[in-house]
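Below, each chain spelled out in residue letters.
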Amino acid sequence: MKRNNRMFGLLLIFMVVVMPLFADYEGLSISTNYPSLNVSSSDMITFDLKVKNYNLAPQRVNLSLTGLPKGWEYQFVGGGGLVNAVFAEPESTSNVQLWVIPEATGREATYNFSVHAEGEEDASFTLPLTVTMGRELPQRLALDTELPVIKGDPSSDFTFNVTLRNNSAAETLIDLYADVPQGFYASFKEQYGSKTLNTLSLNAGSSKTIQVTVSPSSGVAEGSYPITVTARSSGAEASVPVTLEVQGQAKLSLTGQGGLLSASAVAGKEKVLDLELENTGSAEANHVELSSYTPSNWTVSYDPSVVESLPAGEKVTVKATVKPSGEALTGDYSLTLKANSENAGNISEKFRITVRTSSLWGIVSVGIIAAAAVLLVFAVKKFGRR
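Cut-offs and rules
- Residues numbered from 1 in each chain as written.
- Predicted model: local features only at pLDDT ≥ 70, side-chain atom pairs only at ≥ 80, totals over all residues.
- Heavy atoms only, no water.
- Pairing = 2+ DSSP bridges.
- Helix = DSSP H or I, 4+ residues; strand = E, 2+ residues; numbered from the N terminus.
- Axes fitted to C-alpha atoms, helices over the stretch in contact; angles between N-to-C directions.
- Salt bridge = Lys/Arg side-chain N within 4 Å of Asp/Glu carboxyl O.
- Buried < 20%, exposed > 50% of the residue type's maximum accessible area, 1.4 Å probe, protein only.
- Phe/Tyr/Trp six-rings, centres within 6.5 Å; stacked < 30°, edge-to-face > 60°.
- Core = buried A, V, L, I, M, F, W, Y, C linked by side-chain atoms within 4.5 Å.
- Contact = heavy atoms within 4.5 Å.
- Patch = residues over 30% accessible without salt bridge, like charges linked within 9 Å, V, L, I, M, F, W, Y side chains within 5 Å.
- Areas by Shrake-Rupley, 256 points an atom, 1.4 Å probe, with all protein chains shown as cover.
- Lys, Arg positive; Asp, Glu negative; His and termini not counted.
- Charge placed at Lys NZ, Arg CZ, Asp CG, Glu CD.
- Polar contact = N/O pair within 3.5 Å; in protein donor to acceptor, adjacent residues only side chain to side chain.

Talk me through the sheet that holds strand 7 (residues 85-88); I want residue IDs and the actual numbers.
With mixed pairing, 5 strands are arranged side by side in an open sheet as 2-10-9-4-7. Looking along the sheet, the strands with just one partner apiece sit at the ends: strand 2 (36-39) and strand 7. Taking each pair of neighbouring strands and ignoring which way they run, the sheet shows an average axis angle of 25°. Across 5 bridges, strand 4 (residues 59-66) lies against strand 9 (residues 109-118) in antiparallel orientation. In the sheet register, Leu-65 faces strand 9, and the bridge partner there is Val-115.

Explain the pattern of salt bridges to me, using residue names and the numbers behind them.
Within the structure shown, the criterion is met by 5 salt bridges. Of the charged contacts in the structure, one is a salt bridge between Lys-319 and Asp-274, with a shortest N-O distance of 2.7 Å. Pair noted here: Lys-319 is in strand 26 (residues 315-323) and Asp-274 is in strand 22 (residues 271-279), with a separation of 45 residues, a long-range link. Since its relative accessible area comes to 39%, Lys-319 is described here as partly exposed. Overall, Asp-274 belongs to the partly exposed group, its relative accessible area being 28%.

Now, about the packing of aromatic side chains: what can you tell me, with residues and values included?
Applying the stated criterion to the full structure yields 7 aromatic pairs. Ring geometry for Tyr-25 and Tyr-54: centres 5.3 Å apart, planes at 70°, overall edge-to-face. Of the two residues, Tyr-25 is situated in the loop between helix 1 (2-23) and strand 1 (27-31) and Tyr-54 in strand 3 (residues 45-54); the sequence distance between them amounts to 29 residues. According to the relative accessible area criterion, Tyr-25 is partly exposed, its value standing at 34%. On the accessibility criterion, Tyr-54 (24% relative accessible area) is partly exposed. With a centroid separation of 4.8 Å and an interplanar angle of 55°, the aromatic rings of Trp-72 and Tyr-111 are classed as tilted. Taken together, the residues Trp-72 in the loop between strand 4 and strand 5 (73-78) and Tyr-111 in strand 9 connect sequence positions 39 residues apart. We classify Tyr-111 as buried; its relative accessible area is 14%. Among the aromatic residues, those joined into a cluster by ring pairs are Phe-47, Trp-72, Tyr-111 and Phe-113.

Go over the nonpolar core with me, naming the residues and quoting the values.
Judged by nonpolar contacts, the single largest core of 29 residues is most densely connected at Leu-143, Phe-160, Leu-164, Leu-176, Val-214 and Leu-244. Going through the elements one at a time, strand 11 (141-144), strand 13 (158-166), strand 14 (172-179), strand 15 (185-190), strand 16 (199-202), strand 17 (207-215), strand 18 (223-232) and strand 19 (237-246) are the ones with two or more residues in this core. Considering each element in turn, this core owes the most residues, 5 residues, to strand 19. Excluding residues within four positions of it along the chain, Phe-160 makes contact with Thr-145, Ile-150, Ile-210, Gln-211, Val-212, Val-214, Ile-227, Val-229, Val-242 and Leu-244.

Describe the pairing of strand 5, with residues and values.
The pairing of strand 5 with strand 8 (residues 93-101) spans 5 bridges and is classified as antiparallel. By the bridge assignment, Glu-73 is partnered in strand 8 with Ile-101. The hairpin formed by strand 5 and strand 6 (residues 81-83) contains 2 residues between the paired strands, and Gly-79 there has a positive phi angle of roughly 60°.

Can you explain a negative patch on the surface? Please cite residues and give values.
Among the surface-exposed residues, Glu-118, Glu-120, Glu-121 and Asp-122 lie close enough to one another that they form a single negatively charged patch. Structurally, Glu-121 can be placed in the loop between strand 9 and strand 10 (124-133).

Could you give me a rundown of the side chain of Thr-213, with the residues and numbers involved?
Within the element layout of this structure, Thr-213 appears in strand 17. Engagement of the side chain of Thr-213 in a polar contact is seen with the side chain of Thr-159, the distance being 3.5 Å. Leaving out residues up to four positions away in the same chain, Thr-213 has contacts with Asp-157, Phe-158, Thr-159, Tyr-185, Ala-186 and Ser-187.

The structure is reproduced here in structure tokens:
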């Protein structure tokens with residue numbers, strides 16, 4: 001409680017004593033965000049100046065520079081042209097740039113000079129400036145990602161973003177690399193872009209999001225695969241580790257024994273087919289249900305009808321009992337056998353079933369034809385004489 005009272009007292013003193021001093025100030029000011037600069041070359045140096053009028057009448061403010069080293073040049077620039085003065089309204093700010101062109105010396109040295117603002121009725125203000133030549137800020141790069149672990153299946157690409165920052169004082173050319181396991185392939189492109197890149201230029205203090213795509217090798221096994229993404233310039237390097245979690249994927253196939261996809265059957269009679277259900281993927285297939293799509297009035301049953309677990313790389317024999325319709329005509333029919341798993345999706349395979357009618361029906365048919373022929377002969381003999 002005492003501490004709170006003390007803080008309140010200090011705030012009150014500031015409001016009563018200090019703030020009126022600022023409120024009552026009359027005059028001019030020149031300010032810049034960075035009055036002291038370190039530069040590495042003799043390129044032009046720019047100071048962004050703000051000239052402000054505090055409680056004075058509107059007036060012209062003349063600008064000048066003193067103390068500039070011999071051989072250096074300068075100019076004030078405003079509104080797209082060279083200026084020597086600005087007009088300052090009361091309680092307003094006029095913006096102007098100071099361009100300084102130093103003379104190359106090839107050595108480190110510090111130089112001091114001043115900007116002057118001269119208004120009416122002896123209103124003036126002086127801003128000291130300092131430039132240190134030949135001091136170069138070392139290159140620094142930073143690289144990070146929001147997703148250090150990426151999960152996916154072995155048949156798809158792993159895509160993630162990294163953020164690259166240039167913490168240097170100048171524009172920097174940066175190369176991109178990825179250390180990946182043997183058989184893997186990595187590529188880079190700008191976020192929301194389509195063009196692949198391996199090198200980019202980044203302005204001083206800026207950052208860019210890079211999309212990284214890693215394609216696993218064919219048939220890669222389930223497991224964790226560490227990779228390292230690196231950004232490298234002529235004088236700096238930054239890396240970020242990422243782990244690819246390759247998760248196994250079950251993949252089913254369903255065929256007849258020996259890969260056959262055809263069989264023969266008799267209309268109205270059961271036919272047992274030996275099927276091979278195989279998991280060719282890299283993970284266990286769970287709860288595989290067998291079903292079928294048949295022509296009208298056909299039936300298919302399975303033994304077993306459900307395979308609860310099928311490990312990767314293994315297969316089981318399933319007996320399918322097919323019974324064509326008793327009214328089926330002789331010919332070829334298409335039968336679709338299906339397998340549905342909780343984690344391997346749906347598969348289907350078409351089988352061609354060649355149906356023939358029963359031999360009993362053949363004998364009956366021959367008898368009917370023979371009887372019809374006898375009746376025809378009898379009719380001709382009886383009625384043909386009339």
